[in-house]
Amino acid sequence: MVDDGGGDTTDGGRRARPATDGGDVRAATAGGRVPPPTDEGRGGPPVTGAGQGAGPRQAWAGLPWLVRSAVLWSACLVVVVAGLYLVGKIAVLLAPLAIALAATLFLTALLDPVLLLLRRLRLPAALAAGLTVLFLLGILVGVGVLVWNLTASQFSELSQELDQGLQRTRDFVTSTLPVTDDQLDKLIRQTRDGLGGAPDPVGGARTAAEVAGSVLLSLVLLFFLLKDGRSMWHWVLRRTTGPNRDVAAEAGRVGWRTLGAYSRGTMIIAAIDALGIGLALVLLRVPLALPLALITFLGGFVPIIGATVAGAVAVLVALAAKGPTVALLTLAAVQQVEGNLLEPLVMKRQVQLHPAVVLVAVTAGTLIAGIAGAFVSVPVTAVAYRVIDTVQRHRQAAARPPAPA
């Protein structure tokens, strides 16, 4: 018989079994077990049972539970933050479309009660949606024309008052703090460069065209969402199966109610802010109360940052016109009313978010996408929180054991 290189053979054609020491193999094979491998032939010790399966799993299991939990939560946080950052960067690249979609959803949630009222009057969906859009345009155009007729002649005076207020603030800083005029000018130039530098006519024209296109796109999308929004959502629900359909339906309802509550809460805050601050400026005999109230109303749609900027403008005008005492009173009226009364009572009840969460969301949105990011950051955070909370509650209810009969 030809040897194939696998070992010696006997005269009877059977392969000779290698010799073993003593009765180890016989004792092991007698009970049907295979002996553990050894490294004696390679000059090493026998492989024991403890070291036979050593590897990453055993090393991971040997770590304390606190370290393992920290690693897992850190990895999840990194993935979530990276995903949000990527979505934000994509939204920045598609800024006109993203702004149009955000404004459309905001206005749809705000005008949904008007649409439902018209639908209760047996109006067709297309007619009700068209009348709702015309109602919005009528309010915007009417208020814009009224405000322009009342305040157009005062905006030049407002610019002069702001310049005087900035100059008085500059004099106060240089006379009180150890800062020279040159250092202050350098700081102002660095801040201006960081915010975008000198205005570019070509960039300004491009921005104006993008804004006009976004406005038209928002109006068209607003009409279609008011007309067919609910049928679109039902189409999405029909594509889900099993228990996921109930969870998706409930999460969608909660998210939409949250967005509507945020829209109405923002409108209430902006209106009360403008009326209260305008009245305070009139009582303090600060000039240009109506333009300042309008700026405050527009700034109220950007949480925290908008109110702060509008308040700074009012304080500068009060400082230039009436001095530091009236400026401090204006500051108290602007910041304390908005920050300590309206925000906790209205917005926290509407979106159920802590002010610290709102501040972090606005800051992150501003860093990613500027003013547009600050505008959409809070509603996105509020809707995401309510949707995740709803899904989590459904999972907990499904995992809970059934009550005994």
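Bear in mind the structure is a predicted one, so any value in this text is a computation, not a measurement. (Residues numbered from 1 in each chain as written. Predicted model: local features only at pLDDT ≥ 70, side-chain atom pairs only at ≥ 80, totals over all residues. Heavy atoms only, no water.)

### Section: the environment of Gln 167
Take Gln 167: it is sitting in helix α7 (residues 155-176). Separated by 149 residues in the primary sequence, Gln 167 and Leu 316 place their C-alpha atoms 9.6 Å from one another. (Helix = DSSP H or I, 4+ residues; strand = E, 2+ residues; numbered from the N terminus.)

### Things to note about helix α5 (residues 95-120)
Every α-helical turn comprises 3.6 residues, leaving residues that sit three or four positions apart pointing alike. Along its 26 residues, α5 runs 37 Å from first to last C-alpha, staying within 8% of the 38 Å computed at 1.5 Å per residue. Of all the bends in α5, the greatest, near 45 degrees, is centred on Leu 111, and the proline Pro 113 appears no more than four residues after it. Listing the buried residues of α5 in full gives Ala 100, Thr 104, Phe 106, Thr 108, Ala 109, Leu 110, Leu 111, Asp 112, Leu 115 and Leu 118. Phi for Arg 122, located one or two positions after α5, is positive at around 70 degrees. (Expected span 1.5 Å × (residues − 1). Bend = angle between axes of the 7 residues up to and from the residue. Buried < 20%, exposed > 50% of the residue type's maximum accessible area, 1.4 Å probe, protein only.)

### Topic: the pattern of salt bridges
One pass over the full model with this rule turns up five salt bridges. Of the charged contacts, one joins Asp 228 and Lys 227 as a salt bridge, the two residues approaching to 3.1 Å between their closest N and O atoms. One salt bridge connects Arg 393 with Asp 389, and the closest N-O pair in it is separated by 3.3 Å. With Arg 393 and Asp 389 both in helix α14 (residues 355-399), this residue pair falls four residues apart, about one helical turn. Overall, the relative accessible area of 42% leaves Arg 393 in the partly exposed class. For Asp 389, a relative accessible area of 26% translates into the label partly exposed. (Salt bridge = Lys/Arg side-chain N within 4 Å of Asp/Glu carboxyl O.)

### Let's talk about the environment of Ile 295
Following the sequence through the fold, Ile 295 ends up in helix α11 (residues 289-299). Given a relative accessible area of 27%, Ile 295 falls into the partly exposed group.

### Some words on the side chain of Thr 132
Relative to the assigned elements, Thr 132 resides in helix α6 (residues 125-151). When sequence neighbours within four positions are dropped, the list of residues in contact with Thr 132 reads Leu 111, Val 114, Leu 115, Leu 118 and Leu 226. (Contact = heavy atoms within 4.5 Å.)

### Considering the confidence of the model for the protein chain
Mean pLDDT for the protein chain: 75, with 74% of residues reaching 70 or above. Mean pLDDT values for the elements of the protein chain range from 45 in helix α1 (residues 24-30) up to 88 in α5. Below pLDDT 50 for its whole length, residues 1-32 participates in 13 contacts with residues either more than four positions away or in separate chains. Segment residues 38-53: pLDDT under 50, and ten contacts once partners within four positions in sequence are set aside and those in other chains are kept. (pLDDT = per-residue confidence, 0-100.)

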